[in-house]
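# Structural features, examined
Given next are the chains, with one letter for each unit.
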Amino acid sequence: SDAAISAFAHSYLELVSGASGMIEESAIQGVQNLPDLEKDIRGKYNVDPTLLSQTVVLKLNGGLGTSMGLDKAKSLLEVKGGNTFLDLTAKQVISMRKTFKTQVNF
């Protein structure tokens, strides 16, 4: 596709220009204001659980963890109660499916 070719061309030009791809810490600004669930959101919007059937849960874990010396993907690390990150994500989706009685894609 044109988008894929354009993305590759951009990445290639970044590579040959010597760009590191790193973001300088001085260029990062913290979030100044976040909405509060109770004060700013809850009760102010109509809830339509049927929209969840059009939703995909996608969680990005970054790289494989090889730079951290791991021999497996970070999503397979045990984090709590014998569960991995991947287990917890799957359990969240299952809980959403039960709570809202609709198919949430994962």
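Being a predicted model, the structure only gives us computed values, none of them experimental.

Along the chain, Thr89 falls in helix H3 (residues 85–100). Overall, the relative accessible area of 11% leaves Thr89 in the buried class.

Time to look at the pattern of salt bridges. For the structure on display, the rule yields 1 salt bridge. A salt bridge links Arg42 to Glu38; the nearest nitrogen and oxygen atoms lie 2.9 Å apart.

Turning our eyes to something else, we now look at a nonpolar patch on the surface. On the surface, a nonpolar cluster with roughly 590 Å² of combined accessible area is contributed by Phe8, Tyr12, Leu13, Leu15 and Val16. The topology assignment puts Val16 in helix H1 (residues 2–17).

With that out of the way, let us pick up the packing of aromatic side chains. By the definition in use, this model includes 1 aromatic pair. Ring centres of Phe8 and Tyr12 lie 6.4 Å apart, and the angle between their planes is 20 degrees; on these two criteria the pair is classed as stacked. A residue pair is termed a helical-turn pair when its members lie 3 or 4 positions apart in one helix, as Phe8 and Tyr12 do in helix H1 at 4 residues. Assessed through its relative accessible area of 60%, Phe8 is described here as exposed. Residue Tyr12 is classed as partly exposed on the basis of its relative accessible area, which comes to 46%.

Quick look at H3 now. Under the 1.5 Å per step criterion, the end-to-end length of H3 is 23 Å for 16 residues, consistent within 8% with the ideal 22 Å. Just beyond H3, the residue with positive phi is Lys101, at close to 50 degrees.

Conventions used here
- Residues numbered from 1 in each chain as written.
- Predicted model: local features only at pLDDT ≥ 70, side-chain atom pairs only at ≥ 80, totals over all residues.
- Heavy atoms only, no water.
- Helix = DSSP H or I, 4+ residues; strand = E, 2+ residues; numbered from the N terminus.
- Buried < 20%, exposed > 50% of the residue type's maximum accessible area, 1.4 Å probe, protein only.
- Salt bridge = Lys/Arg side-chain N within 4 Å of Asp/Glu carboxyl O.
- Patch = residues over 30% accessible without salt bridge, like charges linked within 9 Å, V, L, I, M, F, W, Y side chains within 5 Å.
- Areas by Shrake-Rupley, 256 points an atom, 1.4 Å probe, with all protein chains shown as cover.
- Phe/Tyr/Trp six-rings, centres within 6.5 Å; stacked < 30°, edge-to-face > 60°.
- Expected span 1.5 Å × (residues − 1).

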